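Structural characterization, general
Single-letter residue listing:
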Amino acid sequence: PELSCGCNRFYSISEWNFPLKVKLASMGFSDDDHEMEEFLKREYSLSKPYQGVGSSSSSHWELMGDAMVTTDYIRLTPDSQSRQGAVWSRIPCNLKDWEMQVHFKIHGQGKKNLNGDGLAIWFTKERMQKGPVFGNMDNFTGLGVFVDTYPNEEKHIERIFPFVLAMVGNGSISYDHERDGRPTELGGCNAMVRNLKHDSFLFIRYIRRRLTVMIDIDGQHEWRDCLDIPGVRLPQGYYFGATAVTGDLSDNHDIISLKLYQLTVIRSRKEEEEEEEEEITIPSVDNLDLLRLGQNEEGMSGIAIFFAVLFSLLGCIFLVVIGLVVYSHWNESRRKRFY
């Protein structure tokens with residue numbers, strides 16, 4: 001959508017072949033109140049009529065598996081069982097700060113909770129690898145943002161599906177399917193994205209080592225916060241991609257467009273020197289243990305409250321029983337003395 005956080009984008013284009021330059025003068029959408037400029041990078045973007053998609057070496061994007069191109073969308077998987085599909089960029093991205101806007105659609109014949117499994121947007125070292133993580137390899141290196149439409153974990157107390165979550169992998173971290181990625185997620189939000197009559201969008205921004213994910217799924221052209229995590233360290237030179245998978249349950253997973261913008265942010269000389277000294281070679285997240293500890297405490301809050309109330313009630317019942325027994329003995333001894 002042309003609105004980001006409710007702020008208008010103003011375009012000034014000299015020629016269609018030139019990069020699209022976007023000036024952000026909004027108060028709420030700038031990073032740390034710094035002025036930013038955005039440039040649409042067409043070599044990393046994917047949109048109609050999808051002329052840059054194909055198997056030739058001159059193509060910017062490559063299909064894999066069951067993915068197919070139509071005039072209106074790239075279908076990663078059809079609404080059929082046991083399918084995998086993907087589209088991957090051929091060109092590694094060396095931008096320091098960027099944002100990706102994903103226009104997608106998930107729809108099918110399956111009723112609620114009888115559909116699956118979801119799609120993923122990637123920025124990873126590896127590309128064109130089939131696997132179990134929404135159609136991509138496990139133990140990946142880089143960033144994955146997942147739109148998970150089916151709950152594998154049997155007991156979901158606080159989580160409603162479909163659910164959007166993000167994960168950073170360093171090549172040795174496995175995605176936990178049985179727990180829907182909870183042990184390794186950075187955060188997320190529920191997003192009712194299936195069978196919508198209007199457009200659905202996903203927004204991924206990486207700037208100043210801060211990862212932000214937002215969604216626009218209500219048809220109001222307004223972004224809604226999903227997660228915002230500082231201290232995310234992603235190397236340059238990785239590949240963008242989109243994958244999807246179906247199992248016993250299925251859906252159509254369609255990508256309408258992937259639009260990548262280069263963010264130009266003013267940095268001080270000190271900031272530039274610090275970033276040059278701290279070259280990022282392996283993806284990581286600062287204070288990850290503290291982040292997960294906070295998520296676990298939040299996730300257990302309902303259970304903790306339940307057991308606290310339960311034990312309190314049991315304690316009260318125990319005290320009442322003891323009191324009744326003591327009173328009964330006292331009353332009996334008093335009656336004997338009286339008679």
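The rules behind each value
- Residues numbered from 1 in each chain as written.
- Predicted model: local features only at pLDDT ≥ 70, side-chain atom pairs only at ≥ 80, totals over all residues.
- Heavy atoms only, no water.
- Phe/Tyr/Trp six-rings, centres within 6.5 Å; stacked < 30°, edge-to-face > 60°.
- Helix = DSSP H or I, 4+ residues; strand = E, 2+ residues; numbered from the N terminus.
- Buried < 20%, exposed > 50% of the residue type's maximum accessible area, 1.4 Å probe, protein only.
- Disulfide = S-S within 2.5 Å.
- Pairing = 2+ DSSP bridges.
- Axes fitted to C-alpha atoms, helices over the stretch in contact; angles between N-to-C directions.

In the annotation of an unreviewed UniProt entry, the protein chain is listed under the name Lectin, mannose-binding 2-like a and assigned to Oryzias sinensis.

1. Remarks on the packing of aromatic side chains
Each aromatic ring pair is characterised by the separation of its centres together with the angle its planes make. For the structure shown, the criterion picks out 13 aromatic pairs. Ring geometry for Trp-122 versus Phe-140: centroids 4.9 Å apart, planes at 75°, classification edge-to-face. Taken together, the residues Trp-122 in strand E11 (residues 118–124) and Phe-140 in the loop between E11 and strand E12 (141–148) connect sequence positions 18 residues apart. Comparing Trp-122 with Phe-140, the two get one shared label, buried.

2. Describing the state of the cysteines
In this structure the tally under the stated criterion is one disulfide. Residue Cys-189 pairs covalently with Cys-226 via a disulfide, S to S 2.2 Å. Since a negative S-S torsion denotes a left-handed disulfide, the Cys-189-Cys-226 link at about -105° is left-handed. Taken together, the residues Cys-189 in strand E14 (residues 187–190) and Cys-226 in strand E17 (residues 224–230) connect sequence positions 37 residues apart. In terms of burial, Cys-189 and Cys-226 fall into one category: buried.

3. Structural notes on the sheet that holds strand E6 (residues 61–65)
A sheet is described by the order of its strands in space; here seven strands give the open sequence E6-E9-E19-E11-E12-E13-E14, paired in antiparallel fashion. If you trace the sheet from one side to the other, it starts and ends with E6 and E14, each paired once. The sheet shows a mean angle of 15° between the axes of neighbouring strands, taken without regard to direction. Sheet analysis places E11 next to E12, joined by seven bridges and oriented antiparallel.

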